[in-house]
Amino acid sequence: MKKNNTYTFRKFINDVHLWLGLASGIILFIVCFTGTVLVFEQDIKDFFAEDVIVEAHVEKQTVTSLAEELKSSNGYYVTGVTIPNNQNEAYTFLVKEDLKEQRGSKVLVNPYTKAIHKAEKTKADAFMLTMFKLHRWLLLDPTIGRPIVGVATIVFLVLAISGIILWFPKRIKWKTVKQGFKIKTKANWKRVNHDLHNTLGFYACLFLLVMAITGLCWSFESYREGLGYVMGTKIFDRSSPEFHLEHSSDAMTISYDEAIQLANQTLNYPGELAVTFPNPKNNYYSFRKYNDNNWSPSTSDKLFLDTTGAVLKVEYFDERPLNQKLAAVIKPLHTGDIFGTFSKIIYFLACLIATSLPVTGTLIWLNKLKKKNNRKVPNLRKMSSNARE
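Residues numbered from 1 in each chain as written. Predicted model: local features only at pLDDT ≥ 70, side-chain atom pairs only at ≥ 80, totals over all residues. Heavy atoms only, no water.

### So, the overall build of the protein
Per the secondary structure count, the protein includes twelve helices and eight strands. For 389 residues, the compact-globule formula gives about 21 Å, and the C-alpha radius of gyration of the protein, at 28 Å, lies well above that figure. With respect to the principal axes defined by its C-alpha atoms, the protein has extents near 115 × 40 × 40 Å. Here the protein holds 389 residues, and the buried ones make up 35% of them. (Helix = DSSP H or I, 4+ residues; strand = E, 2+ residues; numbered from the N terminus. Rg over C-alpha atoms; globule rule 2.2 N^0.38 Å. Buried < 20%, exposed > 50% of the residue type's maximum accessible area, 1.4 Å probe, protein only.)

In structure tokens form, the structure reads like this:
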């Protein structure tokens with residue numbers, strides 16, 4: 001019987017999956033491996049960070065007095081504070097040694113004793129920074145590494161889609177389809193390797209697609225702007241709102257503590273409160289509050305207060321349009337923070353599977369190549385024998 005040498009659509013998809021996978025395997029392995037580590041980045045940093053012991057006393061010091069202590073004892077410019085809901089946790093102040101600094105640094109302060117503890121960098125911080133640079137830029141210059149990772153991510157998208165197509169058997173019947181849901185652990189290692197690639201890739205595919213689609217927002221500005229245009233809202237919108245503020249010379253200004261009290265009255269639920277103090281650029285208070293009982297620890301409500309205590313604007317996350325909600329959670333959707341520890345575990349497993357796919361895929365190709373070469377050798381021997389006869 002003659003073999004059917006017709007170049008089918010399935011063969012085309014198989015070739016695309018094979019050669020793109022081989023060409024991008026090393027880069028995808030690095031990106032996926034570092035992504036696996038970065039899922040628990042903050043947890044690892046916190047584990048190795050020095051513990052700041054806070055024992056609750058009768059009364060906390062005021063935020064105003066704590067800020068004054070930082071100014072007088074260290075000469076810091078205090079730009080904001082994060083107040084945890086837990087009574088036995090330190091306050092995290094954002095400070096700058098020079099107002100020209102872009103981000104500044106964090107200082108932990110005991111709200112009962114005024115003890116100051118500057119958050120020092122640990123070896124875990126240095127390690128995670130290296131993982132981050134590998135993940136985003138392959139340790140290259142960002143202008144070179146970022147587009148390389150971006151192209152590899154596009155390839156990864158093609159591999160994921162083509163992999164799903166190839167996962168389905170030629171004849172779709174339940175008897176043949178259900179084999180793709182399990183790994184035959186009692187088979188030979190080649191079949192186990194094939195099942196690890198085929199089955200685990202299928203289970204992780206949806207999460208990997210989400211990671212890839214969101215990850216491209218950091219690689220290509222044009223993609224980010226285009227996605228924002230399609231969604232009808234800006235992605236990574238860090239711009240501050242503009243308010244027309246007019247104060248008379250005798251207008252009474254409120255203190256930090258009065259502003260925080262007003263914020264907690266407006267956003268009346270338990271949760272961590274992040275405050276940005278008024279500054280020469282934005283002369284108003286900006287608040288973010290993370291509801292402890294919310295469906296996601298990554299979403300927050302916003303409040304803006306005038307220095308006189310007037311409410312300028314309140315933005316409740318749940319009241320925002322769907323497109324703005326999706327744009328706001330692009331980062332936690334990419335990193336796995338969207339549902340806290342639960343989603344982190346799922347993302348960790350999905351990234352771990354993604355890291356294995358270039359390895360198992362290459363082994364499948366090498367096994368097929370070896371099998372093909374073994375078939376050629378007997379044929380050559382047979383032709384040589386026939387020639388002698």
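### Examining helix H7 (residues 189–219)
Between the first and last C-alpha of H7 there are merely 38 Å, a value that for 31 residues lags more than 12% behind the 45 Å anticipated at 1.5 Å per step. The sharpest bend along H7 measures roughly 55 degrees and falls at Cys-205. Sitting at the head of H7, Asn-188 places a side-chain oxygen 3.1 Å from the backbone nitrogen of Lys-190. (Expected span 1.5 Å × (residues − 1). Bend = angle between axes of the 7 residues up to and from the residue. Polar contact = N/O pair within 3.5 Å; in protein donor to acceptor, adjacent residues only side chain to side chain.)

### Looking at a nonpolar patch on the surface
On the surface, Phe-29, Phe-33, Trp-189, Val-359, Leu-363, Leu-366 and Leu-369 cluster together into a nonpolar patch covering about 610 Å² of accessible area. Mapped by element, the contributors of at least two residues to the nonpolar patch are helix H1 (9–38) and helix H12 (341–388). Per-element accounting of the nonpolar patch gives the leading share, four residues, to H12. In this fold, Val-359 is placed in helix H12. (Patch = residues over 30% accessible without salt bridge, like charges linked within 9 Å, V, L, I, M, F, W, Y side chains within 5 Å. Areas by Shrake-Rupley, 256 points an atom, 1.4 Å probe, with all protein chains shown as cover. Salt bridge = Lys/Arg side-chain N within 4 Å of Asp/Glu carboxyl O.)

### Brief notes about the nonpolar core
Of all hydrophobic cores here, the largest spans 27 residues; its most connected members are Val-63, Phe-93, Tyr-285 and Phe-287. Broken down by secondary-structure element, the contributors of at least two residues to this core are helix H3 (63–74), strand E1 (77–83), strand E2 (91–96), strand E3 (105–109), helix H9 (256–266), strand E5 (271–276), strand E6 (284–291) and strand E7 (301–306). Leu-216, Ile-353, Ala-354 and Leu-357 belong to the second largest nonpolar core, which has 19 residues in total. (Core = buried A, V, L, I, M, F, W, Y, C linked by side-chain atoms within 4.5 Å.)

### Here we look at the packing of H3 against H9
Relative orientation of the contacting elements H3 and H9 amounts to 135 degrees, with a least axis distance of 7 Å. Considering the angle they form, H3 stands oblique to H9. On H9, the residues that touch Val-63, Thr-64, Ala-67 and Lys-71 of H3 are Tyr-256, Asp-257 and Ile-260. Residues of the contact of H3 with H9, tallied by class, amount to four nonpolar, one polar and two charged. (Axes fitted to C-alpha atoms, helices over the stretch in contact; angles between N-to-C directions. Parallel < 35°, antiparallel > 145°, perpendicular 65-115°, else oblique. Contact = heavy atoms within 4.5 Å. Nonpolar A, V, L, I, M, F, W, Y, C, P; charged D, E, K, R; others polar.)

### Examining the side chain of His-135
Secondary-structure assignment places His-135 in helix H4 (residues 123–137). Take His-135: its relative accessible area is 16%, and that puts it in the buried class. Among the polar contacts made by the side chain of His-135, one reaches the main-chain amide nitrogen of Gly-35 at a distance of 3.5 Å. If sequence neighbours within four positions are ignored, His-135 has contacts with Val-31, Thr-34, Gly-35, Leu-38, Val-149 and His-334.

### Structural notes on unusual backbone geometry
Notably, Leu-139 is not glycine yet its phi reads approximately 65 degrees, a positive angle. Residue position: Leu-139 is located in the loop between H4 and helix H5 (142–167). With a phi close to 60 degrees, Phe-236 is a non-glycine residue in the positive phi region. With respect to the element layout, Phe-236 can be found in the loop between helix H8 (221–231) and H9.

### Considerations on the packing of H7 against H8
Axis separation between H7 and H8 bottoms out at 6 Å; the angle between their running directions is 125 degrees. Taken together, the axis directions place H7 and H8 in an arrangement best described as oblique. When the axes of H7 and H8 are compared, the crossing they make is left-handed. Packed against H7, whose contacting residues are Ile-213, Leu-216, Cys-217 and Ser-219, the element H8 presents Glu-221, Tyr-223, Arg-224 and Leu-227 at the interface. (Left-handed = near helix turned anticlockwise from the far one by under 90°.)

### Here's the deal with the pairing of E6
One ladder, built from six bridges, connects E5 with E6; its direction is antiparallel. Note that in E6 the partner of Leu-273 across the bridge is Lys-289. In this sheet, E7 lies alongside E6 in antiparallel orientation, the contact comprising six bridges. Residue pairing across strands places Phe-287 opposite Leu-303, the latter belonging to E7. (Pairing = 2+ DSSP bridges.)

### Looking at the environment of Val-52
Examined against the element boundaries, Val-52 turns out to sit in the loop between helix H2 (41–48) and H3. In the structure, Val-52 is positioned 88 residues away from Leu-140 in sequence and 36 Å away in space, judged by C-alpha atoms. Non-local contacts of Val-52, meaning those with residues more than four positions away in its chain, are made with Ala-90, Leu-108 and His-117.

### Topic: the pattern of salt bridges
The tally for this structure, following the rule as stated, stands at seven salt bridges. When the shortest N-O distance is used, the salt bridge between Asp-43 and Lys-344 registers 2.8 Å. Separated by 301 residues along the polypeptide, Asp-43 in helix H2 and Lys-344 in helix H12 bring together distant segments of the chain. Here Asp-43 falls in the partly exposed class, since its relative accessible area comes to 36%. Relative accessible area serves as the criterion here: at 11%, Lys-344 is assigned to the buried category. Note that Arg-191 is salt-bridged to Asp-195, the shortest N-O span being 3.0 Å. Note that Arg-191 and Asp-195 are positioned in helix H7 at a spacing of four residues, about one turn of the helix. A relative accessible area of 3% places Asp-195 in the buried class. Via salt bridges that share partners, Asp-43, Asp-337 and Lys-344 belong to a single interconnected network.

Just geometry here; none of it tells us what the structure is for.
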